[in-house]
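Tertiary structure, described
Single-letter residue listing:
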Amino acid sequence: MRILVAEDDAPLGEFLCQQLQEEQFSVRVVTDGLEAQRLASDQPFDLVLLDLGLPGAHGLEVLRMIRAKKPDLPVLIVTAAVQVEERVRGLDAGADDYLSKPFVFAELSARIRAVLRRGKQSGRAVLRIEDLELDRMAHVVRRGSQDIALSPKEFALLELLMCNEGRPVARTAIIEHVWKLHLDTMTNVVDVYINYLRRKVDSGNDRTLIRTIRGVGYQMGESAKAV
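Parameters at a glance
Residues numbered from 1 in each chain as written. Predicted model: local features only at pLDDT ≥ 70, side-chain atom pairs only at ≥ 80, totals over all residues. Heavy atoms only, no water. Pairing = 2+ DSSP bridges. Helix = DSSP H or I, 4+ residues; strand = E, 2+ residues; numbered from the N terminus. Axes fitted to C-alpha atoms, helices over the stretch in contact; angles between N-to-C directions. Contact = heavy atoms within 4.5 Å. Salt bridge = Lys/Arg side-chain N within 4 Å of Asp/Glu carboxyl O. Buried < 20%, exposed > 50% of the residue type's maximum accessible area, 1.4 Å probe, protein only.

1. Thoughts on the sheet that holds strand E8 (residues 140-143)
With respect to topology, four strands assemble into an open sheet ordered E6-E7-E8-E9, the strand pairing being antiparallel. Looking at strand neighbours, the two that pair on one side only are strand E6 (126-129) and strand E9 (146-148), the edges of this open sheet. Here the average twist between neighbouring strands, direction ignored, is 20°. In terms of strand pairing, E8 meets E9 through three bridges, oriented antiparallel. Looking at the pairing, Arg142 lines up with Asp147 of E9. Across the sheet, helix H6 (residues 152-163) lies against E6, strand E7 (132-135) and E8, angled at about 115° from E7, the strand it touches most.

2. Some thoughts on the pattern of salt bridges
Throughout the structure, instances matching the rule amount to 16 salt bridges. Of the charged contacts, one joins Arg128 and Glu133 as a salt bridge, the two residues approaching to 3.1 Å between their closest N and O atoms. Residue classification places Glu133 among the partly exposed residues on the basis of a relative accessible area of 25%. With a closest N to O distance of 3.0 Å, Arg143 and Asp202 form a salt bridge. Of this pair, Arg143 sits in strand E8 while Asp202 sits in helix H8 (residues 187-202), and the two are 59 residues apart along the sequence. By the burial criterion, Arg143 is buried, and Asp202 matches it. Three or more residues joined by partner-sharing salt bridges are found here, namely Arg128, Glu133, Arg142 and Asp147.

Printed below as a string of structure tokens:
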């Protein structure tokens, strides 16, 4: 996944680049607001880390341009501004999240994962992975030419996995999203429902789409070593 880092502090930009690359992101760092606008507009990034104090064009100007041209592109503001009013302006302008400097990279990483979990597909009415299609409005699932009947929980589970295409989803995250609970003790229920989905979605097809990521959870789409 590609991240655009718009940060005028060169040492911090280099640090973020190194740390994000270690987490398997592809990173482009820019120090100018106008360059950030150009790249965000022209290049296929998955997320923008945006400092507000950029030369050339203020971060809020960059954010408004992104929202005008790419309304679904996630933007996480990282800035030294501490006033609540500044944070409110950033969020009102369309930022998905906000983190003040100084920060611990582990928190930034967690916020990035949280924003990306919402997925670039989160606003789409129809999700597609290969020949599997899920219509979120009509609550219809189809693989190839065959309709698939799912229970409400099965549908919610499949929707969550498809929204996170290419990223593993932990069992605890599935419990929180599908069952609206915060319990580790129900993770075996997830395994049961995954088996239900596999029988309905993958059974009888040459290619399986639902994958187990050992020690983590489940995933749809390629990116990590899966079985």
